[in-house]
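# Fold and geometry: a report
Each chain is listed here by its residues.
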Amino acid sequence: KKTYALLLISVVMAVFGGYTCATSTAMVQFFIRPVGWILALVLLNVVPMVALWASRQNPSLGIVALAADGFISGIALGPLLAIANYLAPNSIPGALAVTGGVFVAVTGYVMFSKEKFSAPAGLLTGMFFALVIAMIVNSFIQMSGLGLIITIGIGIFGVVSLVYATSDVLNNPEYDNPVQGALMLFAALFNIFVTALRLLLRFSSRD
């Protein structure tokens, strides 16, 4: 229960961060530039590690870092939200619905199956860095096909991460770090939401 309460904090802070950035022209213009995009990418990877470290040192400090991670994630998502709101406003609630549906389905399945899923850490780490490198390459080459592959890859990574994180939270008897669990769940949901929103935007632009 504590893990999901902390997850809710992350989500609320992400909504606040996303709204703050998406409604600020200056912030949107900064984060769509290469330097802003790189800064956002760095923060999205560094802040969760800081939050995880803080949770092991001081639970209260870990919760603060967790909230900061949600807020920064929302800010990083701000430009995409601003574009979506301009081009296809319905895509945002649509992406939220897809993300919520995946979350409920995965949680329900893991909860009732009682199965404990596990994956080699190296596999997930390799997938993550492969996606990061592909994103950086695509930012310079701007290949639409590669962009679609990256988007789908991020979505698959998010779903796989969600399954393993949910399994760890619900079915691992040694689980004892709610902040870490909330961070893992939030990261997975973030990737699923981004994928859903990008795909909905892509389909909307074709209509």
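Rules behind the numbers
- Residues numbered from 1 in each chain as written.
- Predicted model: local features only at pLDDT ≥ 70, side-chain atom pairs only at ≥ 80, totals over all residues.
- Heavy atoms only, no water.
- Phe/Tyr/Trp six-rings, centres within 6.5 Å; stacked < 30°, edge-to-face > 60°.
- Helix = DSSP H or I, 4+ residues; strand = E, 2+ residues; numbered from the N terminus.
- Buried < 20%, exposed > 50% of the residue type's maximum accessible area, 1.4 Å probe, protein only.
- 1 Å grid on protein atoms, 1.4 Å probe; cavity = no way out; pocket = protein on both sides within 12 Å on 5 of 7 lines; lining within 4 Å.
- Points joined across faces, edges and corners; volume = space filled by probe spheres on them.
- Nonpolar A, V, L, I, M, F, W, Y, C, P; charged D, E, K, R; others polar.
- Core = buried A, V, L, I, M, F, W, Y, C linked by side-chain atoms within 4.5 Å.
- Contact = heavy atoms within 4.5 Å.
- Axes fitted to C-alpha atoms, helices over the stretch in contact; angles between N-to-C directions.
- Parallel < 35°, antiparallel > 145°, perpendicular 65-115°, else oblique.
- Left-handed = near helix turned anticlockwise from the far one by under 90°.

Let's shift gears to the packing of aromatic side chains. Tallying each qualifying case throughout the model produces four aromatic pairs. Residues Phe16 and Phe71 carry aromatic rings whose centres are separated by 5.5 Å and whose planes lie at 35° to one another, so their mutual orientation is tilted. Taken together, the positions of Phe16 in helix α1 (residues 2–22) and Phe71 in helix α4 (residues 59–87) put the pair 55 residues apart, joining distant regions of the chain. For Phe16, a relative accessible area of 47% puts it in the partly exposed group. Assessed through its relative accessible area of 24%, Phe71 is described here as partly exposed.

Right, let's talk about the layout of surface pockets for a bit. What the second largest pocket holds in volume is close to 570 Å³. Around the second largest pocket, the lining is made up of 22 residues, and of these Val11, Val15, Leu77, Leu96 and Phe193 lie nearest the centre. If you list the elements that add at least two residues to the lining of the second largest pocket, you get α1, α4, α5 (91–113) and α8 (178–206). Looking at side-chain class alone, the lining of the second largest pocket contains 16 nonpolar, six polar and no charged residues.

Quick look at the nonpolar core now. Counting 33 residues, the largest nonpolar core has Leu77, Leu162 and Leu197 as its most contacted members. When residues of this core are traced back to their parent elements, those giving at least two are α1, α3 (34–57), α4, α5, α7 (144–171) and α8. Sort the elements by how many residues they give to this core and α8 lands first, with 14 residues. Setting aside residues up to four positions removed in sequence, Leu77 forms contacts with Phe190, Phe193 and Val194. Grouped together as the second largest cluster of nonpolar side chains are five residues, Cys21, Phe31, Ala40 and Ile75 included.

At their nearest, the axes of α3 and α4 sit 7 Å apart, and the two run at 165° to each other. Comparing the axis directions of α3 and α4 gives the class roughly antiparallel. The handedness of the crossing between α3 and α4 is left-handed. The segment α3 lies against α4, with Ala40, Leu43, Leu44, Val47, Pro48, Ala51, Ala54, Ser55 and Gln57 engaging Pro59, Leu61, Gly62, Ala65, Leu66, Ala68, Asp69, Ile72, Ser73 and Ala76.

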